[in-house]
Structure formats: C-alpha cells, structure tokens
Amino acid sequence: MGHIGSALSIADIVAALYGHVLRIPAPNDPQRDYFILSKGHAVLAVYAALSLKGWMSQSELNAFCGESDALGSHPEHQVDGIDFSTGSLGHGLSMGAGAALGALRNGSPRRVFVLVSDAECNEGSLWEAVMFAAHHRLANLVAIVDLNGQQAFGYTDQVLSLSPLAQRWRAFGWDVHEVDGHDVEAIAGTIAGLDTASGPPHVLITRTTFGKGVSYMENKIKWHYLPMSDDEYRQALAELGAGA
Amino acid sequence: MRGAFVRTLAELAAEDRRIMLLTGDLGFMALEPFAEKFPDRFINMGVAEQNMVGVATGLAREGFLPFVYSIVTFASLRPYEFIRNGPILHNLPVRIVGIGGGFEYGHAGLTHHGLEDVGVMRVQPGIALIAPADHEQTRSALQATWDLPGPVYYRLGKNDTITVPGLDGRFDLGRVQVINEGDDLLLIAMGAIASEAAAAARLLATRGIASTLAVVSSLNPAPVDDLVALLARFRLAMTVEEHYVVGGLGSLVAETVADHGLGCRVLRCGVRSAPNGVTGGQAYLQQVHGLSRGALVDAATALVTKSMAVEAS
C-alpha cells in the first residue's frame, strides 16, 4: 500500500502532536482537542500514534488495508481516535473551522488542529476556509502545513508554485510560524506558545522531507504511490533504527 | 415557500438554540426575519459555498443544527462533494436549503436554473430530500423534519402565495399526498409545479379525463409503498417536474414501476434539453419545455387517447 513517503513526511509532526500537544485524555473525551488529518492519505502515521497511545491494538494495526472493518488508507471517523473522515483534499480546514467556531460558541476549551499538505494549498476551498477563520478570529484553530515540496505527480514548485507560502497565509490574517517539521521539540514548543484563547488563527509552516529517514524514499515522487518489497521494508526499518 | 421557510425557522429557533442560519451571501429581503431576531446565530459566509458546507459540518459536529442557504444550483452543485464527504459521510444534521427549483430564476439563465439538484441528491442514500409543493407544505415539512438526526436537503420555491388546492399543507416523511381521485390517469408531481399539474387536472376533467393527482415532496425517504399502491391501480401515469427528466421524480416513478413489476405506462414530463441560449421568465420556459398547464393537458390527453385507441384495436 502506498503513501508511505507521505506518512514519513508527517511522522514527527504527528509525534509532537500526540506526544506533547493534543489534550486527549481518551478518544471519546467530550472536551478533547480535535485533530483533523486533512491530507488523509498519510493516515498511516496517525494509526501508529493511536497505537502507541494504546487506543489501537496491534491486531487492528496489523489489519491495515485488509478487508471488512479493517483500517483503510484514509481515515474513517468510525475508528476510535479519528474524529473526521478525510481523503479529498481541501475539505479538512473548513470542517475544522466549523468545529473551532462551534467550540468557541459553546465555551468549550477544545482546540482544533488541522494538518494539511502543501499541495493541498492548490485547492481554492482551502483559501475559503483560511479567509473565514481569519475573519472570525478562530484563535482555537491551528493549521499545520506539511511543506515537503512535492505532490502526487511532481514537485510543487514545478506544478503550481506556492511560494512565498508563509507570506500568503500572513497576508490572509493568520498568525504564522515557520518551524522545522522534523524537530519535535520545536513544533511542540511553538504550539505551546500560541494564544489559543483570543486573536487570529495560527498556522505552522513546517518544512519537511518527503520519505524522511529512508534513503531510497526521500524526495522521490514514486514513493507517494509504491508499496515496499520485503527487502525494502527491512532496509527502511534498519535506517529508521526500528526493530524488524 | 421562502418566506414560509424563514418564518417557520425563526419560530423553531426561538425554541431551540442549536439552530443557526448560514448563507452564501444571498437572501437579501428574505432572511431578515431570522437575521434580525437572531443576529448571533446568523452568519453571512460570503460567496464561498464549499466552506459554508464544511463549516456547517464542523458546527454540527459540535452539536449545532446549521441551515445553509443559497440558490439551488449554488447550494447543491458547487459544494456537492463537501455535502457528500461532510454531513452525509459523518451522518451530521446539516440542512442544505436550495431556493428556486426549476426555472424560478428564469431570466437569470442556466447558471441559476435548478434542474438536476434532486437527481444528484437522490443518489445519496444518507440524506433526506424534501421538495415541498407550496408554502403551506413548506411550513409543515420543515416542522416535521428540522430535527432529523441526519442531513436534509430542502428544495424550495420562491413563491409564497400560490397553493396547491386540496393539499392543505399536508406532509408526511416518506409518504405521498393524494389531492383528488380519478380513474383514467395518475398524475404525479414534485415541487412548485404541482400547482400547474393541479390546474391541468382540473382542465382534464372538463375534457372528460378523470385523474388522480399525487404530490411527492419526500423524495428521500422515497414514498415507495404509497407509489406502488397508487401505480398498481393505474395503467397510465404522468410525472411532472421542473427538473431534468433524468434522475428526478420521473426516474423515481419509473424505477418503482420496474422494481415492482408493475404494468403501468409512465410518461415523464420534465426538461429534456439544456435551455442554452433560450431566455425568458419561468412561465415562458415552462411552456418551451412542455410544462405549462396547457402543454400538460395536451400530453395527458394524447397519452389517454392513444391508450384508448390501442385498447380498441
């Protein structure tokens, strides 16, 4: 199954969120923070986090892309720990903005985190949500852009230039932070410093490496799609320092 | 229907604080009864229908009952995938309100004609689809469905004066409303054009053709049992809708006939070609597409006459 490079691209961001940021005492806690993976194709990294949190069993994880009620390659809200189904790019930030607005109106301490891909910024609907969140001062909304510079069929600077991405978000009225997307402490520290009670919505532009940590995957378009062979799997685990 | 909708929604909102109204920058001179009474529960979302539906999905997830409002085409077609992957996929109580089914925005051109909204919504199993026939039924339909647990699409007309005689505001989810009874022909109508179908039925009676008129305003859940019972009694049925003939009421009736092995012949009256380049008001466009009461009478007469000729031969 594909999207392995995309999952590695966000693995450190997801580690920072689930390890240090998200206030989720339990997947069904009524006041939990929401995390929306708008780039749903990278959900493998989130399943790993849910497993490490103890909310997903090893057998569930092992059934990834199996049949029946097994985990799919895009998140489904029927899975414990997944609050929003995604998979069509340009949708998650709108739902997140609505949830953030609803939480503010309810006086809830809930914060809403939405992880989008850089190529997802091609979608016009994303900018509708960007405008809306800034206009309504959704301080409890935090977007994170996975800026790995590539998309399904090319590199972003050659497909549809996003540059200067941070300035674009800033021009739309967001509180913008540029962070190393593989520095867990920097990501967690930046988010800890955000005012999520008042003011504009926040965005972390996180520079990442597609396929991070696996030499033959890094910055290679084909690893958006390809599954690994057994040998490639073993090499990847060795390079990542994980046990087979 | 629009006025009845807004007034009824304001009444409901006075009783239930979860109700919110979001508009895609439309509804000037229409939504004020709600907006002025509940300014903190009314949001002009700007001209951004996808985001409007996405935000409504998030609000519904937080326990609100958001109604999103625009002209039929902009409410249903532009954000269609957001409706599918949002409230339908998550089974959340977002209400999509489309104004101006069919040719109600006649002079505004094809971009404003609501001719396929019922078709695209009807294929989604997870959304209720309500197309009231007049303002009285709009009120009762909203009262009956506003707090359904899942999403709802409302297809509303703009007219708040015309009523379908004999309908008397009746509405039941998943049921058909029968207006008058006659044995020669079954007329089945959807939406505001039901009043034209009712007028056609009266004219047919003067020609000696006795018809039963059934109004279908609950398209999903479809009134299958009622339709089967009605269709089983007739050899001839004619559907009337201000919508493309594919996907809407005519398709529902034809599917019902096929699914249940009924012997009823169905003539679908609706729009069969895109009205590109043809300009005019609603009445003119109805006439062009064979949906005026006169055209309906002619079509019904021809159907009955042909059937009698076949029978005689």
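Our structure is the block above this text.
Let me sum up the structure you'll find in this document. (Residues numbered from 1 in each chain as written. Chains lettered and ligands numbered in written order. Predicted model: local features only at pLDDT ≥ 70, side-chain atom pairs only at ≥ 80, totals over all residues. Heavy atoms only, no water.)

### Let's talk about the nonpolar core
This is how it is decided: Put simply, a nonpolar core is a bunch of buried Ala, Val, Leu, Ile, Met, Phe, Trp, Tyr and Cys residues held in one set by side-chain atoms that sit within 4.5 Å of each other. Between buried and exposed lies partly exposed: a residue is buried under 20% and exposed over 50% of the maximum accessible area for its type, with that area taken using a 1.4 Å probe on protein chains only. Only runs of H or I of at least four residues qualify as helices and only runs of E of at least two qualify as strands under DSSP, and these elements are numbered from the N terminus. Just so you know, the domain bounds were taken from an automatic or database domain assignment. We call two residues contacting when some pair of their heavy atoms lies within 4.5 Å.
Ranked by internal contacts, the top residues of the largest apolar core, which has 77 residues, are Leu-93, Leu-141, Trp-169 and Trp-174 of chain A together with Leu-22 of chain B. Considering every element that reaches this core, the biggest residue donor is helix 5 (residues 124–135) of chain A, with 7 residues. Here this core gathers at least three residues from each of two domains, domain 1 (2–156) and domain 2 (177–312) of chain B. Setting aside residues no more than four positions away along its own chain, Leu-141 of chain A makes contact with Leu-93, Gly-96, Ala-97, Ala-100, Val-112, Val-114, Ala-133, Trp-174, Pro-201 and His-202 of chain A. In terms of nonpolar packing, the next biggest core, distinct from the first, is built from 34 residues, Ile-13, Leu-22, Ile-144 and Ala-188 of chain A among them.

### Quick notes on the pairing of strand 8 (residues 185–189) of chain B
All names here are of chain B. For the record, the criterion: For two strands to pair, DSSP has to find at least two bridges joining them. Look down the strands so they point away from you; if the path from the first strand over the helix to the second goes clockwise, the crossover is right-handed.
Along strand 8, 5 of the 5 residues are buried, which leaves the element largely enclosed by surrounding structure. Every second residue of strand 8 is oriented toward a common face, with Leu-185, Leu-187 and Ala-189 on one face and Leu-186 and Ile-188 on the other, all of them buried. Relative to strand 9 (residues 211–215), strand 8 is paired through 5 bridges, and the arrangement is parallel. Looking at the pairing, Ala-189 lines up with Val-215 of strand 9. Between strand 8 and its parallel partner strand 9, the chain crosses via helix 8 (residues 194–206), and the hand of that crossover is right-handed. Relative to strand 11 (residues 236–244), strand 8 is paired through 4 bridges, and the arrangement is parallel. What sits directly across from Ile-188, in strand 11, is Thr-239.

### A look at the packing of helix 4 (residues 92–106) of chain A against helix 3 (residues 49–61) of chain B
Operational definition: For helices, the axis comes from a line fit to the C-alpha atoms of the stretch in contact; other axes are also lines fit to C-alpha atoms, and the angle between any two N-to-C directions lies between 0 and 180 degrees. What sets the label is the angle itself: under 35 degrees gives roughly parallel, over 145 gives roughly antiparallel, 65 to 115 gives roughly perpendicular, and the rest give oblique. Crossings are classed by handedness, with left-handed meaning an anticlockwise turn of the near helix from the far one by less than a right angle and right-handed meaning a clockwise turn. Gly falls in the polar group here, along with every residue not listed as nonpolar (Ala, Val, Leu, Ile, Met, Phe, Trp, Tyr, Cys, Pro) or charged (Asp, Glu, Lys, Arg).
Interaxial distance between helix 4 of chain A and helix 3 of chain B falls to 6 Å at its minimum, and their mutual angle equals 50°. One finds that helix 4 of chain A runs oblique with respect to helix 3 of chain B. Handedness of the crossing formed by helix 4 of chain A with helix 3 of chain B: right-handed. Listed contacts from helix 3 of chain B to Ser-94, Met-95, Ala-97, Gly-98, Ala-99, Leu-101 and Gly-102 of chain A of helix 4 of chain A are Gln-50, Asn-51, Gly-54, Val-55, Thr-57, Gly-58 and Leu-59 of chain B. Along the lines of polarity and charge, the residues of the contact of helix 4 of chain A with helix 3 of chain B split into 6 nonpolar, 8 polar and no charged.

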